[in-house]
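# Geometric and topological summary
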Amino acid sequence: MLVGQNEKVQTEQWKIATHVVELESSIIREILKISSQPGVISFAGGLPAPELFPMEELREAMEIVVTKHGAPAFQYTLSRGIPQLRELLAERATAYDTATSVDNILITAGAQQAIELVARAFIDRGDYIITEYPTYVGALQAFNYYQAKYATVEMDAEGMIPERAEEKILKYEPKLIYTVSNFQNPTGITMSENRRVKLIELAARHNIPIIDDNSYGDIRFAGQPVPSLKSLGGDRVIALRSFSKIIAPGLRLGWMNGPESIMGYFERVKQCTDLHTNTLCQYLIYEFISAGKLEAHIARIIKDYRAKRDLMVQTMRDNFPEGIRWTEPEGGLFLWVELPEHMSAKELLPKAVAMKVAYVYGEPFFPDGQGQNTLRLNFSNATHDNIVEGITRLAELLKENM
Amino acid sequence: MSISIVTGDGKRSSERAEAFGDRLASRTAGMKASVLREILKVASQPGVISLAGGLPAPESFPVDFMPELIAKVLKKYGPAVFQYGPTEGFPPFREILAGYLAERGVKATADEVIVTTGSQQMLDTLGKVLISPGDKVAVESPTYLGALAAFNPYQPNYVAIDSDDDGVIPESLEEILAAGSVKFVYLIPNFQNPSGRTIPADRRKAIAKSVIRYNALLIEDDPYRALRYEGNHLPTIWSMAPDNVVHAGTMSKVLSPGLRLGFSVAPALIRRWMVLAKQGIDLHTSSFDQALAAEYIAEGYLERHLPRIVDLYRPRLRAMLDSLEEFFPDSFSWSKPQGGMFVWATGPEGLDTDKLYAKAIERKVAYVPGQYFFSSPGVGKNTMRLNFSNVGEEAIKTGIKTLAWLMAEASS
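Residues numbered from 1 in each chain as written. Chains lettered and ligands numbered in written order. Predicted model: local features only at pLDDT ≥ 70, side-chain atom pairs only at ≥ 80, totals over all residues. Heavy atoms only, no water.

On the side of chain B, 87 residues touch chain A, which itself brings 90 residues to the contact. A combined buried area of about 7,700 Å² lies between chain A and chain B, and 60% of that area is made up of carbon and sulfur atoms. One can count two salt bridges joining chain A with chain B. The partner of Glu-116 of chain A in a salt bridge is Lys-128 of chain B, and the shortest N-O contact between them spans 2.3 Å. On the surface where chain A and chain B come into contact, there are 27 residue pairs in polar contact (both at pLDDT 80 or more). Elements represented by at least two residues in the side of chain A that touches chain B include exactly helix H2 (55-69), helix H4 (110-122), helix H5 (137-145), helix H7 (193-206), helix H8 (229-233), helix H9 (260-274) and helix H10 (279-290) of chain A. (Contact = heavy atoms within 4.5 Å. Buried area = accessible area lost by both parts, 1.4 Å probe. Salt bridge = Lys/Arg side-chain N within 4 Å of Asp/Glu carboxyl O. Polar contact = N/O pair within 3.5 Å; in protein donor to acceptor, adjacent residues only side chain to side chain. Helix = DSSP H or I, 4+ residues; strand = E, 2+ residues; numbered from the N terminus.)

This is how it looks when you write it as C-alpha cells:
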C-alpha cells in the first residue's frame, strides 16, 4: 500500500504559512521509496545508470581540481557560479545554440533549482503558466508553492499544439510558457522544429518568456537532431540545463542561459536561497569538460540507453496485450504508456509491486489530476535482464486486468 | 533554419527581452542590488586590508588531506556519491551527524537530522514554510544579514529583541512572546554574526523557559560553535527545549564553505515541511559533498583539522582585540568574543560609519557599516563589523590603526 500519498501534514502546533498548507508530499518520492524495496524491478525512477558514471575520469578531474586550484575550490564563490565554468558553458552555448556570453549564464543546484528560481522570480499568486499536458511533476512541485495556475496544452507526436497554446494564451494571459522540449519527462515526446518556430512566434507576439527545460536534449539516440528553442528564439527563451543526465546527478549541477537583462534578478534570488552552488563540484565539472571527457561520455550513454530502449520496446511489442499504446522516444530516459480508458494505473501499482515490478502512474504529471490510464516507464536504470523480466511481469499484470 | 530575431514589429529580440522585467513577481521586482555587495566588491580591491568580509581563511582549508579523503570516499561509497539521493540527506552523513550533534547535547536519531545546501537553505526553507506576509519574526538587534535576506521575500514584520553585551535580554524576549503571534524567534547564540556576542548559560535557560511557556518556535542558528578559542562550550538552547527549537549547524566554518553543507534538527512537523519544500527547491544536496563530510567526521579528519583552524584564528582575534585596545579612541566600545569570526565596534552617537566608509577605502581599509545588520532602518549608524578570520595579524594591526585614526578624526 502506498503510504504518504496525498498526505497533508498536520498543522496543530505551529501554523505553517497559509499558502503552504495545500502542498502535498511528492507522490513520486513516495513511489520511489516503495520501489526501492529489495527484489523490485523499478522502472519508476528517473535515475541514470550508475554503472555508466565516469568514475575514473571524475577521480582524475578531482585530482586536478585539488592540485591546480586548491583553496578557491573550497571557498565561497559568486552567486552566479565560478567564472571558469560559466565561460566554458557560454562558449559551448555559442557553438551549439546561439551567441552567449558569461553574463547569460548562472549555475544552479541542478535544473530543479533553475525551475524553482524561475518560479520565485516570476510567479505571483494566481498567475497562469502554460505547460504541456502532461508535464514534469517536479516543475509542478516548484510552481505550486507560489500558487501558480496552469493553462495546459495538449500534445501530439510533435509536442505542444500551437493553436491550442494560443487559445490558452488569449484566455489566461499566462506569465510563462514552460516546456520540456526534448524527450519530455514524462512522455518522451520531442517538439518538432516547425512547432518550435511557431511557439517562439507566439511567445514573441504575446511577450511571454519561454522556459525550456532542456535536461535531456543531449541524449538523442535516434532520428534527426532538432535545433534548440534557445538557438531559434535567442533572448525570448530561458534555457534550463543540467549535468544530471550527462555526467552525474549526485553533484547537483545545472545552469540557466537567459537574457542578460534578467540575470541580475536570478542572481539576487539565488543568493537569498543558498548563496551559491557548491564550489567544489563546479570546479570538478569544469575540469572534466576541459579535459575533453564530456563528448565521449555522452556517446557512451547514448549507446547504452539506445540498447535499453530498444530492448524495452521490443519486449513490450512481444508481450503487451492489444489495446495498449506507448511512445517510442528518440532519446532521453522515459517512455509513456496509455492503457485502455477504463483502466487505472494507480490502482494497478500495488499489484505490480506485489509482482516485484514498479512504475510511476501518470496522474501526478497532469496538473488537473487526470490521466488515470497512463504510466511512465524509465529505461535508463535497469539492467537488460531486468528490463526483459520486469516488462514481462508487467505484461502479465496487464493481461490479467484488461 | 535559424531565427535570431523573431518578431514582426521591428524590435530586436534583446530590446523586447527587457520587457520580461515587468513580468517579475512582486517579491522579485522589489529586490534591489544589495548595498553590502557593493561594499564587499570595493573591499576586495587589491591593496585593501579587508576587515569587511565574512570568509574563512583559505589557508584553513583541508587541501593537504583532501586527495586522501576523496580516495577514501570513492572507495567506500563508489557510484552512490554521484547518484540521486534522498531529500533528507545522504544516509551515512545523517548517521554520523547524529553522533556529532550529540556532543553538543542535541540528541537526535539519524532520521531526525536533515541536510541542507548550506545554512542559508535552512533559513530559506523555514521562511518558505513558516512565513505568510505580515507574520511577526523576532530577531536579535543587530542580526545576521543573510537571515534577513532569506526571510524578506516572504514579507515578514520583524520585531527586534533588545540586546546588550551578553546578547538578547530574556525579559525582552518574554515580553515579545507574551504579546503573542510571533511566528518564530531567530537567534545565533554563539559568537553572533555580526556582533561576536555569546548568550551566557543562564540567559539560555531563561530563553528556553520562555519559548516553552509560550509554545514558541525558536531557530538556534549555530554556525560558529566549533570556532571557540577560549573558555568552555555552553549548552545549546535545543538541549533545554528540544520540542520548541530548530538547531542548525554547518560544515562551512570547518571543512569548507564552498561545499554548501548545513544540517538541522527540528521538531517533527517543521522537519517534514522543510523536506517537502526542499524537494521542490533542489531535490537534495550534493551526494558527493555529503559523502566527503561524512568521512571527514567519521575518519577523524575533523578532530585533527579543527585545532589547526583554532590555532590560526586565535592569534588573529587576539591581534584585533589588542589593537583596538591600543589604538581606538576612548569613545568606542567593542565586543570581546572568545570565538567566531567577528568583532563589533560601537562609536559615539552621531558617528556615521556608512559615510566614513569611502574615506576608509581611500586609506585602504574596509569594514562593514553596522546599520545593514539591523531590521529597522536608521539604527546602528555608529556601529561597524570587523572580521578577523581572513586577515593576518600584522594586517589586522595596520588596519585597526588606520581605522582608529580615521574614527578619532571623525568623532573629535
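For the rest of this paragraph, the subject is the domain arrangement of chain B. Residue and element names in this part refer to chain B. Taken domain by domain, chain B holds domain 1 (28-60 + 305-411) and domain 2 (80-299). Summarising the inter-unit geometry, the C-alpha centres of domain 1 and domain 2 are found 25 Å apart. Taken together, the contact pairs 26 residues of domain 1 with 28 residues of domain 2. Here domain 1 packs against domain 2, burying approximately 2,300 Å² in sum over the two surfaces, 65% of which is carbon and sulfur. Glu-230 is the partner of Arg-318 in a salt bridge, and the nearest nitrogen-oxygen pair spans 3.8 Å. Applying the counting criterion to the domain 1 and domain 2 interface returns ten residue pairs in polar contact (both at pLDDT 80 or more). (Domains from an automatic or database assignment.)

Residue and element names in this part refer to chain A. Looking at the assigned domains, one finds that chain A contains domain 1 (11-53 + 296-400) and domain 2 (55-290). For domain 1 and domain 2, the distance between their C-alpha centroids amounts to 24 Å. Tallying the contact residues gives 34 residues for domain 1 and 34 residues for domain 2. Summed over both partners, the interface of domain 1 with domain 2 comes to about 2,900 Å²; 69% of that surface belongs to carbon and sulfur atoms. At the junction of domain 1 and domain 2, the tally comes to one salt bridge. Put simply, Arg-220 and Glu-330 hold a salt bridge, and the shortest N to O gap is 2.9 Å. Counting across the interface, domain 1 meets domain 2 through ten residue pairs in polar contact (both at pLDDT 80 or more). Elements with a contribution of two residues or more to the side of domain 1 that touches domain 2: helix H11 (294-319) and strand E11 (334-338).

So, about unusual backbone geometry. Following Ser-141 of chain B, the chain continues into Pro-142 of chain B via a peptide bond in cis, with omega recorded as 5°. Following Asn-193 of chain B, the chain continues into Pro-194 of chain B via a peptide bond in cis, with omega recorded as 15°. Its location among the elements puts Pro-194 of chain B in the loop between strand E7 (182-187) and helix H9 (201-213). One non-glycine residue, Phe-183 of chain A, lies in positive phi territory at about 45°. Relative to the helices and strands, Phe-183 of chain A is located in the loop between strand E6 (176-179) and H7. Of note, Arg-252 of chain A is a non-glycine position whose phi angle comes to about 55°, a positive value. Looking at the element boundaries, Arg-252 of chain A is found in the loop between strand E8 (237-242) and strand E9 (254-257). Residue class for Arg-252 of chain A comes out buried when judged on its relative accessible area of 3%. (Buried < 20%, exposed > 50% of the residue type's maximum accessible area, 1.4 Å probe, protein only.)

So, on to the packing of aromatic side chains. On inspection of all chains with the given rule, the structure shows 28 aromatic pairs over all chains. On the numbers, 6.1 Å between centres and 90° between planes, the contact of Tyr-224 of chain B with Phe-342 of chain B is edge-to-face. With a gap of 118 residues between them, Tyr-224 of chain B in the loop between strand E8 (218-221) and strand E9 (245-250) and Phe-342 of chain B in strand E12 (residues 342-346) connect regions that are remote in the sequence. Members of the aromatic cluster, joined through ring pairs, are Tyr-133, Trp-336, Phe-365 and Phe-366 of chain A. The residue whose ring lies beneath Arg-268 of chain A is Tyr-265 of chain A, and the NZ or CZ to ring-centre distance is 5.0 Å. (Phe/Tyr/Trp six-rings, centres within 6.5 Å; stacked < 30°, edge-to-face > 60°. Lys NZ or Arg CZ within 6 Å of the ring centre and 35° of its normal.)

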